Amino acid sequence: MRRLEIRRPRLPRTRAGWRQLVQVVAAGCVLALLPATWLWVATADRLRTVQDAPRADVAVVFGAGLWDGEPSPYLAHRLDAAATLYREGRVKVVLVTGDNSRKDYDEPDAMRVYLAKHGVPRARVVTDYAGFDTWDSCVRAKKIFGVDKAVLISQNFHIRRAVALCDAAGVTSYGVGVDESHNVTWYYGGTREVLAAGKAALDMVFHPDPQFLGHKETGVTRALASAR
């Protein structure tokens, strides 16, 4: 039986060949960074801090993982920001959106419990159990929960993509970026965002349906009615 031979790529042997290779690599890097650069520029005027966040009926907090059933430190910091905005009267309802794809992993309920411990009544917290990624969360906020305008809360490295995607989904958005120490997790998140920007660009162009859409829910409407 004849063995399958794998041919190794040959490196250029001339200066002209090396020059062409460098140009190809440089062009590839530029193309890879274009979506992230566009997100950075397009959302520059939509970012705020907790101190100067605009008033809105709804704040949206995106899931960021659980540790032993409790919000991870990054997620806890997002929730702390949402609790502050609620206590200061800047938002009336908090929509928590995350992953509940299996019985033993429930981000939204863990987020609601955390907020209740930090001064946000359970009646003011609405849970979205199918926020499997940022695009899904934004589309469901609009189509399922009827959110037209919101303050979005996430880490600084993610908030620009969240604002751009929610705008594309029809939710007028302002982003509150939560500061974090620049540790390994922060650098991983920032690097991941460069890659995720490409998918975000495709989502904004093609508007794919979320992994799970379902029927419209009245949780946000009822929570706002009870807040008045």
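Here the structure is shown first, and the text comes after it.
These notes cover the structure that comes with them. (Residues numbered from 1 in each chain as written. Predicted model: local features only at pLDDT ≥ 70, side-chain atom pairs only at ≥ 80, totals over all residues. Heavy atoms only, no water.)

Points about the packing of helix 4 (residues 134-143) against helix 5 (residues 156-168)
Note the following rule: Whenever a helix is involved, its axis is fitted only over the stretch in contact; in every case the axis is a line through C-alpha atoms, and angles between N-to-C directions fall within 0 to 180 degrees. Under the DSSP-based scheme used, a helix requires at least four consecutive residues in state H or I and a strand at least two consecutive residues in state E, with every element numbered from the N terminus. Geometric relationships in this document are graded by angle, where less than 35 degrees denotes roughly parallel, more than 145 denotes roughly antiparallel, 65 to 115 denotes roughly perpendicular, and other angles denote oblique. Crossing handedness follows the turn of the near helix against the far one: under a right angle anticlockwise gives a left-handed crossing, and clockwise gives a right-handed one. When checking whether two residues touch, look at their non-hydrogen atoms; a contact exists if any pair is within 4.5 Å. Under the scheme applied, nonpolar residues are Ala, Val, Leu, Ile, Met, Phe, Trp, Tyr, Cys and Pro; charged residues are Asp, Glu, Lys and Arg; polar residues are all the others, including Gly.
Their axes nearest at 9 Å, the elements helix 4 and helix 5 cross at an angle of 40°. Viewed along their axes, helix 4 and helix 5 adopt a mutual orientation that is oblique. When the axes of helix 4 and helix 5 are compared, the crossing they make is right-handed. Facing helix 4, whose interface residues are Thr134, Trp135 and Cys138, helix 5 presents His158, Arg161, Ala162, Leu165, Cys166 and Ala168. Residues belonging to the contact of helix 4 with helix 5 are distributed by class as follows: 6 nonpolar, 2 polar and 1 charged.

With respect to the environment of Asp148
Operational definition: Accessibility here uses a 1.4 Å probe with only protein chains present; expressed as a share of the type maximum, an area under 20% marks a residue as buried, one over 50% as exposed, and anything in between as partly exposed.
Within the secondary structure layout, Asp148 lies in the loop between helix 4 and strand 7 (149-155). On the basis of relative accessible area, Asp148 is assigned to the partly exposed category, the value being 47%. Sequence-distant contacts of Asp148, defined by excluding residues within four places in its chain, comprise Lys142, Gly170, Val171 and Thr172.

Notes on the sheet that holds strand 8 (residues 172-178)
Where we set the bar: Strand pairing is assigned whenever DSSP detects at least two bridges linking the two strands.
With parallel pairing, 6 strands are arranged side by side in an open sheet as 1-8-7-2-5-6. Pairing within the sheet leaves two strands with one partner each, and these edge strands are strand 1 (47-48) and strand 6 (125-128). Packing of helix 4 onto the sheet brings it into contact with strand 2 (56-62), strand 5 (91-97) and strand 6, and relative to strand 2 it is tilted by some 155°. Across the sheet, helix 5 touches strand 1, strand 2, strand 7 and strand 8, and the angle it forms with strand 7 is around 155°.

Quick word on the state of the cysteines
Stated precisely, the cut-off is as follows: By disulfide we mean two sulfur atoms from cysteines, separated by a distance within 2.5 Å.
Per the counting criterion, the structure on display carries 1 disulfide. Residue pairing for Cys138: its cysteine sulfur links by disulfide to Cys166, the two sulfurs lying 2.2 Å apart. Disulfide Cys138 to Cys166: torsion about the S-S bond roughly -80°, handedness left-handed. Taken together, the positions of Cys138 in helix 4 and Cys166 in helix 5 put the pair 28 residues apart, joining distant regions of the chain. Across the pair, exposure class does not vary: Cys138 and Cys166 are buried alike.

Some details on helix 5
For an α-helix, the turn length of 3.6 residues means that residues three or four places apart are oriented alike. For clarity, the threshold we go by: The length a helix should cover is 1.5 Å for every residue beyond the first.
For helix 5, which comprises 13 residues, the first-to-last C-alpha distance of 19 Å matches the rise-based estimate of 18 Å (1.5 Å per residue) to within 8%. Taken together, the buried positions of helix 5 are occupied by Phe157, His158, Ile159, Arg160, Arg161, Ala162, Val163, Ala164, Leu165 and Cys166. Of the residues flanking the end of helix 5, it is Gly170, one or two places downstream, whose phi is positive at about 100°.

Here's the deal with the packing of helix 2 (residues 73-87) against helix 3 (residues 107-117)
When two helices pack together, their arrangement is given by the angle between their axes and by how far apart the axes lie. Interhelical geometry of helix 2 versus helix 3 gives an angle of 50° and a closest axis separation of 10 Å. Taken together, the axis directions place helix 2 and helix 3 in an arrangement best described as oblique. Taken as a pair, helix 2 and helix 3 cross one another with a handedness that is right-handed. The segment helix 2 lies against helix 3, with Leu75, Ala76, Leu79, Asp80, Ala82 and Ala83 engaging Met111, Tyr114 and Leu115. Counted by class, the contact of helix 2 with helix 3 contains 8 nonpolar, no polar and 1 charged residues.

All we've got here are geometric facts, nothing functional implied.
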